[in-house]
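What follows is each chain in one-letter form.
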Amino acid sequence: MSGPPPSASQQKKISDEAQTFWKQWVEAAFPDLDSRAFFLPPVYINRVPMSRQQVAGQDVFVLQPATGQSCQSNQPTVTSSAAPQATKTSPTCVQDSDVRDDAAMQRLFFCLQTMFEENKEVLFGLCQLQFGNYLGEPCYAAAAAQLPRSCNVPPTLPRNWKQGDFDLLLIHRQYGLIVCEVKAFGDNIHELKMSQHDVDKNIRKKLKEAISQLDKAEAMLSHLVSDVTSGLRITKTIVLPNLTSHQVQQAMSCDTQLTQDLCRCLGTTDPADIPGLYLCCDQLSDPKTPCDVSSHVLKELGHWWQRRVAGAGPDSHMTPELYRTLTARFCGPATTVTVPCTSPPRLSVKTLCQAVCCTGECYTSLITLFPEQVHLLNMAPSRVFVAGPPGTGKSVVLLLIGIQWLLCGHDIYIVSTWNGSYAACYMLYQLMLQTVNTRQTSVPIGRPHFLQYDLYGDDDTEVDKALNDLCKAASEGSLYIITDEAGSAYSDNFKTLCKKLKEQVPRLHLWCASFYNGHSPDGWQLEIFTRPLRSPPTVVREVEKDVDISEKGRIHKYSERGVPHHTDGPPVKQVIHRFLDHYCSMLCQNCVMCGREVSSFLHSLRGVPENVLTSTSTTTVSGGSAQGCLQWRDMLVVSEYFSQDSRMIAALKEAGIPVRIIENDDDIEDLAMARSDVVWAMSGDRARGLEKKVVVVVQLDPKYGRLHYMSRCTSQLVIVSDDLQSWREKEISEVLACLHAAKLGT
């Protein structure tokens with residue numbers, strides 16, 4: 001039997017404690033909440049169409065364009081693949097319309113986020129918040145139930161009221177609440193060969209749906225805030241990202257009732273005002289480059305914002321205290337801000353640290369490949385050389401072909417050919433070893449072996465040693481070799497080794513990979529991967545600026561994925577070493593102030609401080625745990641060179657960050673397998689093949705270091721760079737001073 005219901009005084013106590021804690025949580029999670037704009041989630045997460053297949057006994061998610069609908073789940077069906085071990089399953093369906101909706105929402109997200117940052121607006125934006133998720137976290141249910149009217153369905157809403165959502169809800173420090181309804185119709189009308197009559201008919205249909213949904217959202221918002229304020233301004237608007245203003249006006253010109261309904265919904269009495277109150281593609285970025293928000297777009301957005309929102313002036317109801325109350329309720333721990341995920345449980349992402357964690361998981365927690373890569377594995381030719389820019393699936397393919405060979409009973413030799421390949425090859429070895437050690441089967445399987453050589457220079461004695469070792473390892477004329485980061489622009493030793501192995505081992509199976517073009521041995525099938533898999537676009541855009549990709553052509557350029565990215569990723573964090581302001585004439589890697597700024601940012605990625613989470617003993621208020629916390633082992637600091645007396649490293653240690661400098665191969669192995677919960681600092685050249693959610697790049701030259709340093713990042717990239725403009729100004733001033741002194745001397 002349940003106990004007696006709480007008294008009125010107990011209810012008030014629980015309610016007050018809950019709201020106090022929610023405010024403390026929001027203040028700790030968003031320390032700049034009174035001075036900048038925040039979006040929840042901080043990155044927009046897309047639904048990505050893919051199917052799940054079994055390749056080499058592993059679950060592999062295969063990215064494919066959505067055609068009608070594509071799926072991601074659990075009912076197995078046999079594929080038409082030639083490989084007998086490949087099976088296909090279908091999880092949560094992602095339809096083509098879902099992909100279009102996400103593209104429209106993400107484009108709006110980019111544009112508004114950029115405008116709010118430019119204008120220094122103070123607000124919180126919530127994307128696709130379900131009505132039922134407001135104060136819906138189970139561990140806070142007891143506290144939420146004590147809020148007045150919180151559990152009563154407003155009479156203006158239907159019984160299934162919890163099924164609605166806000167496409168975009170803005171809680172503005174001055175202007176109250178703004179609700180945006182987004183309709184993605186219009187991007188495929190040419191593909192569908194729709195007549196003008198059908199286009200206009202569909203536009204009118206979407207506008208009517210938007211009006212109905214906005215009215216429902218307004219009623220819900222009025223209800224949800226009614227216990228703390230009445231009369232708070234609620235501004236409604238419609239966003240049509242794939243239609244021009246002219247198309248919309250043309251469609252509604254013959255529908256008087258629709259015009260009247262739009263006037264009422266958008267708060268105007270003059271139909272001529274309507275085109276200025278909704279958003280169309282005329283005011284948004286190019287859908288092909290949605291993150292590129294130009295000054296023209298910002299100007300057009302600014303006009304719309306002034307007409308629709310700012311022109312009415314500040315809302316007197318929105319006091320600083322009310323703003324904090326609303327953000328605590330809508331953005332605090334009791335409300336769930338969900339994002340799409342491939343498997344349960346649902347994921348709530350509010351803070352940057354959770355977004356960084358979620359982004360990294362999207363790109364690395366599942367084995368993900370493109371169809372052509374799965375086809376290559378299924379065909380399994382004997383000798384393959386895989387080339388392509390970082391993060392395109394080369395190492396994953398090597399891992400899977402190695403596991404496939406192991407399951408067939410063959411011993412595998414993972415060969416590191418120089419010190420820059422050690423980390424990548426050692427990690428492949430450990431992953432294959434884990435597969436062998438955890439595999440429960442009555443059928444004998446092979447064993448992986450790790451070998452290390454130095455084929456980087458001109459000395460061919462290492463070639464002879466490697467050839468001798470590997471030929472001895474051949475079993476009845478068969479030999480199975482994997483090598484990552486193979487080959488060198490400065491030596492043909494690797495090609496020589498491959499040629500001699502091919503001559504001496506009749507059934508040689510050797511798969512290898514490299515960033516660089518032109519390293520493929522003669523007689524090897526060349527495969528080029530250029531579609532990015534491991535890093536979000538924010539990272540890829542930085543990596544592809546490297547001169548080896550952008551100018552010299554030594555590495556193939558990235559190509560379009562053909563399917564959506566999981567997310568654009570967290571914005572790159574820039575730390576500029578202004579040596580005059582930092583009282584430091586040295587480069588950034590030895591700057592204490594840069595080290596302190598990096599330390600502060602890394603600490604912020606560790607989540608809401610524990611003292612806030614445990615600030616109250618009332619379990620109905622503070623129940624639950626922090627989601628998406630990063631560990632120190634998720635972070636890496638790379639530069640051209642770090643010494644033990646580096647001032648930046650000292651600053652990180654002083655800030656309580658457990659940072660260690662890589663000194664030997666044992667440290668590389670620790671880093672590769674993430675054994676120690678520390679932040680490793682290392683030379684970027686030895687970081688090849690590794691991946692971390694957070695990578696701090698201490699950059700000495702803006703053109704170089706991107707390839708091997710930045711490409712290690714799967715989520716949050718931090719770039720510490722010198723203020724080259726200040727250096728130039730300093731050099732010019734020094735030259736002028738010398739000329740002036742010389743003139744005085746004459």
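Refer to the structure above for everything that follows.
The text that follows walks through the structure, step by step, so that each part is easy to find. Since we're looking at a predicted model, the values are computed, not measured.

Of the regular secondary structure elements, the chain holds 22 helices and 25 strands. Residue burial in the chain is summarised as follows: out of 746 residues, 54% are buried. Relative to all contacts within the chain whose residues are 6 or more apart in sequence, the contacts with residues 24 or more apart total 77%. By element, 50% of the accessible surface of the chain is carried by carbon and sulfur atoms, the whole surface being about 32,500 Å².

Attention now goes to the sheet that holds strand β10 (residues 279–280). Through backbone hydrogen bonds, the strands of a sheet pair up, either in parallel or in antiparallel fashion. Here we have six strands laid out as an open sheet, ordered β1-β6-β7-β8-β9-β10, and mixed in their pairing. A single partner strand is all that each edge strand has here, and the edge strands are β1 (37–40) and β10. As judged from the six bridges shared by strand β8 (residues 176–182) and strand β9 (residues 234–240), these two strands associate in the parallel manner. When the sheet's bridge partners are listed, I178 is paired in β9 with T235.

Mapped onto the fold, E117 is located in helix α2 (residues 96–119). In this structure E117 comes out as exposed when scored by relative accessible area, which is 51%.

Positionally, D484 belongs in the loop between β17 (478–483) and α14 (493–504). Summary of buried charges: D484 has no salt-bridge partner, and the nearest side chain of opposite charge, K394, is 6.7 Å away. Polar contacts involving the side chain of D484 include one to the side chain of S395, which spans 2.5 Å. Excluding anything up to four places from it in sequence, D484 contacts S395, L398, V415, S421, A424, C425, L428 and A513.

Tallied over the full model, the rule gives 27 salt bridges. Notably, a salt bridge pairs R541 with D568, separated by 2.9 Å at the nearest N-O pair. Here D568 lies in the loop between α16 (547–550) and β20 (573–577) and R541 lies in helix α15 (residues 537–543), a separation of 27 residues in the sequence. A relative accessible area of 12% means that D568 is categorised as buried.

Ordered by their spatial adjacency, six strands build an open sheet running β20-β25-β24-β21-β23-β22, and the pairing between neighbours is parallel. Two strands close off the open sheet at either side, each with one partner strand: β20 and β22 (659–661). Between one strand and the next, the sheet's axes are offset by a mean angle of 20°, whatever the strand orientation. Pairing geometry for β20 and strand β25 (residues 713–722), over five bridges, is parallel. Opposite H577, over in β25, you have D722 as the bridge partner. Against the sheet, helix α9 (residues 352–364) contacts β24 (692–699) and β25, and its axis sits at roughly 120° relative to β25. Packed on one face of the sheet, helix α20 (residues 647–654) meets β21 (635–639), β22, β23 (679–683), β24 and β25 and runs near 150° to β22.

Residue position: R204 is located in helix α4 (residues 196–224). Buried charge without a salt bridge: R204, with D255 as the nearest opposite-charge side chain at an N-O distance of 4.4 Å.

Calculation criteria
Residues numbered from 1 in each chain as written. Predicted model: local features only at pLDDT ≥ 70, side-chain atom pairs only at ≥ 80, totals over all residues. Heavy atoms only, no water. Helix = DSSP H or I, 4+ residues; strand = E, 2+ residues; numbered from the N terminus. Buried < 20%, exposed > 50% of the residue type's maximum accessible area, 1.4 Å probe, protein only. Contact = heavy atoms within 4.5 Å. Areas by Shrake-Rupley, 256 points an atom, 1.4 Å probe, with all protein chains shown as cover. Pairing = 2+ DSSP bridges. Lys, Arg positive; Asp, Glu negative; His and termini not counted. Salt bridge = Lys/Arg side-chain N within 4 Å of Asp/Glu carboxyl O. Polar contact = N/O pair within 3.5 Å; in protein donor to acceptor, adjacent residues only side chain to side chain. Axes fitted to C-alpha atoms, helices over the stretch in contact; angles between N-to-C directions.

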